[in-house]
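# Commentary on secondary and tertiary structure
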Amino acid sequence: MTHAIARGWRKRLAAAVPFGLGQTKPRHFRDMARVAWDNRDNASYAWQVLSRGVCDGCALGVAGLHDWTIEGVHLCMTRLNLLRLNTMPALDPAVLTDVAALRGLSNDRLRALGRLPVPLLRERGDAGFRRVRWDEALARVAARIEAAGPARIAFFLTARALTNEVYYTAQKVARFLGTNNIDNAARLCHSPSTGAMQRALGVAASTCSYRDWWGSDLVIFFGSNPANDQPVAMKYLQEAKRQGTRVVLVNPLREPGMDRYWVPSSARSALFGTDIADWWFGVSHGGDVAFLTGVVKILVAEGWIDRAFVDDHTSGYAEVAAAAAAADWSDLERQAGLPRASMAEFAALMRDAKSAVLVWSMGITQHAFGGDAVQMIVNLGLLRGWVGRPRCGLMPIRGHSGLQGGAEMGAYATALPGGLPVSPETARALSADYGFAVPEAPGLTAPEMVEAAARGALDVLYCVGGNFLRTLPDPDYVADAMRAVPLRVHQDIILTDQMLLDPGEAVLLLPAKTRYEQDGGGTQTSTERRVMFSPELPRQLGEARAEWRILRDLAATVDPRRGDLLGCDSGAAIRAEIARVVPFYEGIQRLQAAGDSFQYGRPHLAVGGVFPTPDGRARLIPVPLPPRQRPDDAFFVSTRRGKQFNTLIYAEVDPLTGAARDAVLMHPDDAAALHLAAGDRVALVSAHGRFAARVQLAAIARRNLQVHWPEANVLLPRGAVDPLGGVPDYNAVVRVERP
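Because the structure is a prediction, the values reported are computed rather than measured.

## Regarding the overall build of the chain
In terms of regular secondary structure, the chain is built from 27 helices and 29 strands. The globule rule puts the C-alpha radius of gyration for 739 residues at 27 Å, and the 25 Å found for the chain is close to it. Here the C-alpha coordinates of the chain stretch approximately 70 × 60 × 50 Å along the principal axes. Buried residues in the chain amount to 65% of all 739 residues. Taken as two groups, the 82 positive and 76 negative side-chain charges of the chain have centres that lie 4 Å from each other.

As structure tokens, this is what we get:
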């Protein structure tokens, strides 16, 4: 059996139907019309955002209607669905005077109420929120921070739409207040990529650019679905396919959008679609380490590696080769869910390819062994010499616009600006620059913040966006933990259900400006390391303030005598400081007009096989097989995204899969063995919770299921995290029961 995707006469006939009529696919033009209608009350500002701003969706990096990769107009539905956040009017604060009436509303209904316009306070025992002045709000937070002490305060920042200026100022404020308890949403998705790449390569970013997809022999996607998460990437893949590139999927599900996609800005593709994937290897959930170990075992045994590159530019080959040789084939096949022949077929693709780009996302990272899975991809790339040259690279593709820059700015419990690890040496160096003492030990990660809150060890939790209640496993536990925090502060643009949880002592809502309204404009960093400037598009909604200004004003209120040490009093000043403190961001201080950008490290990192490590070599690191146990009558289940952006859900049915929010994707043979048919109601039961679902048949690996996140977070184990990156495990073992 080959894993090459065969498209028979039925597929070819369906491909001849204009606009994919009658097929399960996105209806781009209909949805664009809906977005235009939804934003009709502020159409002129919507046009400014689209034509002048840098996209606040995924991390591909579209500025205005164009980018730096391919000619033509780029406008995807991810960006358009987010547009209303930037154009909507203010909510009426009166609706918050009694939160009981709001608790039954979904987050999309809460979002539709409008933007937060003024500071609002709810104290223990109050039915709802009341309006307060900015000075009163900041004074209250400052007093609680002073009383709590550095160890009992924590800051969390989301990844959607926050700028580098906000991340940088936030980390400086936290350290000014004496704590490293600051983290961002990268912890919940790509932190294993950061940890593994930094350890092995000395860099924690993509080693190549999007253009390297074009003309590469292979582009291989591991646990990644850009058709849903980074739709503009499908236009890049369409061009890559035109130039002869072949696409390989290593994923439990044969993603329909990666099989065939309709690119709306390409006339032929919009009419008839574009075939994308050429091979699909349906690995079992969490079986990537075993699968790649088998591939490496074959590559080494057959001599199908770039030995000159390995000898001249890496260390650790002997250990990796020995570990692969010692691996037992039966163990590898059992964990991978694929036979040895499948690994041999994949290895042969590697042998025959002179170039390849390896791309991965949360299907790889969101495991308790995510760092090891990333390391195996890195090992594969290094063994084949696919780093530091054109049409080759290692690319952790980012799904949110702030992820890459957030950690590089130092808004991370385990890293300082520039991605430097928190240590006495690095902290002392930063202290000398800042003029105040920077803590020398790592702080609390996002999951650890919730654990600290649950045991009464946190007095102030300051959230800049985000929604722990929906992003973390075991939502009931998270809710109890957040209720236990004496003071919660939610700095945000919209209302979310975590804000409605009863206060320990008090809950404050602070209205923020969007990235487009931000004073002095702002920057973001894309997956390909491009730092892009988005100009200020003036709009004053209520009393909203720039995110970085709120944080700076808070720190100055806590300790006004040292306030002058904060700096960061304008967008330009923040960028100038970033350029000084983070050397590879040199050039950010010169960005000032729409579309201004630079790519740090230029198109390729590690050119010529020279890595930014102490000895200039990359590190091949052996990886053990993870402990993966599943009873014979149980299934592995993982979480997936539908038509949504993070926890912002935009449709009840995913247009790519046709799956409703309560669907469980199941192999037809597994369904037949359980005497189930499409649409049947079932219950998925784990050791941690129960989820009511309806069966949807899909091309997925046997004994594997997929369900939508965040609804299925009730199934997920609490406390299981990747030791390298700290990401929670978003997978579980379940039994399927009839309700």
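Next comes the rest of the write-up.
## Notes on the pattern of salt bridges
Following the criterion strictly, the structure yields 49 salt bridges and no others. For the salt bridge of Asp-183 with Arg-187, the shortest nitrogen-to-oxygen distance reads 2.8 Å. Judged by relative accessible area, which is 3%, Arg-187 ranks as buried. The partner of Arg-549 in a salt bridge is Asp-519, and the shortest N-O contact between them spans 3.0 Å. Of the two residues, Arg-549 is situated in helix α25 (residues 547-558) and Asp-519 in the loop between β17 (506-511) and β18 (522-525); the sequence distance between them amounts to 30 residues. With a relative accessible area of 28%, Arg-549 lands in the partly exposed category.

## Digging into helix α3 (residues 43-52)
Those residues of α3 not exposed but buried are Tyr-45, Ala-46, Val-49 and Leu-50. Down the axis of α3, the sector holding all buried residues measures 135°, keeping them to one side. The outward face of α3, more than 90 degrees from its buried face, is lined by the exposed residues Ser-44 and Trp-47. Elements in contact with the buried residues of α3: α4 (77-87).

## Quick notes on the sheet that holds strand β19 (residues 530-534)
The strand order across the open sheet built from three strands is β18-β19-β20, with neighbouring strands paired in antiparallel fashion. Here the strands that pair on one side only, and so sit at the sheet edges, are β18 and β20 (597-599). Going from strand to strand, the sheet's axes swing by 20° on average, the running direction of each strand aside. Note: β18 against β19, four bridges, orientation antiparallel. When the sheet's bridge partners are listed, Gly-522 is paired in β19 with Ser-534. Of the strands in this sheet, β18 and β19 are in contact with helix α7 (residues 164-176), which crosses β18 at around 95°.

## Observations concerning the pairing of strand β1 (residues 120-123)
Of the strand pairs in this sheet, β1 and strand β2 (residues 130-131) are connected by two bridges, and their pairing is antiparallel. Its bridge partner lying in β2, Leu-121 is registered against Arg-130. Adjacent in sequence and paired antiparallel, β1 and β2 are bridged by six residues, among which Gly-125 carries a positive phi angle near 95°. Bridge count for β1 against β17 is four bridges, and the pairing is antiparallel. Residue pairing in the sheet places Leu-121 in a bridge with Leu-508 of β17.

## Things to note about the layout of surface pockets
Each pocket or cavity is described by its volume, and for the largest pocket that value is around 720 Å³. Counting only elements with at least two residues in the lining of the largest pocket, the list comes to α8 (191-201), α20 (403-408) and β14 (420-421). Its residues placed into classes, the lining of the largest pocket shows 20 nonpolar, eleven polar and five charged.

## Let's talk about the packing of helix α21 (residues 424-434) against helix α26 (residues 571-581)
Viewed as axis vectors pointing N to C, α21 and α26 meet at an angle of 140°, and their least axial separation amounts to 12 Å. Relative to α26, the element α21 is oriented oblique. Once α21 is placed against α26, the crossing between them reads as right-handed. In this structure, α21 uses Leu-430, Asp-433 and Tyr-434 to contact α26, whose residues at the interface are Glu-577, Arg-580 and Val-581.

## Some words on the sheet that holds strand β15 (residues 460-464)
Taken in spatial order, the seven strands line up as β2-β1-β17-β16-β15-β3-β4 in an open sheet, and their pairing is mixed. Each end of this open sheet is capped by a strand with a single partner; those strands are β2 and β4 (182-184). In the sheet, strand β3 (residues 153-157) pairs with β4 via three bridges, with the strands oriented parallel. Pairing of Phe-156 across the sheet is with Asp-183, part of β4. Against the sheet, helix α6 (residues 134-148) contacts β1, β2, β3, β15, β16 (487-492) and β17, and its axis sits at roughly 130° relative to β17.

## A short note on unusual backbone geometry
Between Trp-709 and Pro-710 the backbone carries a cis peptide bond, its omega angle lying at 15°. Among the secondary structure elements, Pro-710 is positioned in the loop between β28 (704-708) and β29 (731-737). Not every positive phi belongs to a glycine, and Arg-391 is a case in point at roughly 65°. Backbone geometry places Ala-606, a non-glycine residue, at a positive phi of 60°. In this structure, Ala-606 sits in the loop between β20 and β21 (618-619).

Thresholds, definitions, all that
- Residues numbered from 1 in each chain as written.
- Predicted model: local features only at pLDDT ≥ 70, side-chain atom pairs only at ≥ 80, totals over all residues.
- Heavy atoms only, no water.
- Helix = DSSP H or I, 4+ residues; strand = E, 2+ residues; numbered from the N terminus.
- Rg over C-alpha atoms; globule rule 2.2 N^0.38 Å.
- Buried < 20%, exposed > 50% of the residue type's maximum accessible area, 1.4 Å probe, protein only.
- Lys, Arg positive; Asp, Glu negative; His and termini not counted.
- Charge placed at Lys NZ, Arg CZ, Asp CG, Glu CD.
- Salt bridge = Lys/Arg side-chain N within 4 Å of Asp/Glu carboxyl O.
- Arc of directions from axis to C-beta.
- Contact = heavy atoms within 4.5 Å.
- Pairing = 2+ DSSP bridges.
- Axes fitted to C-alpha atoms, helices over the stretch in contact; angles between N-to-C directions.
- 1 Å grid on protein atoms, 1.4 Å probe; cavity = no way out; pocket = protein on both sides within 12 Å on 5 of 7 lines; lining within 4 Å.
- Points joined across faces, edges and corners; volume = space filled by probe spheres on them.
- Nonpolar A, V, L, I, M, F, W, Y, C, P; charged D, E, K, R; others polar.
- Parallel < 35°, antiparallel > 145°, perpendicular 65-115°, else oblique.
- Left-handed = near helix turned anticlockwise from the far one by under 90°.

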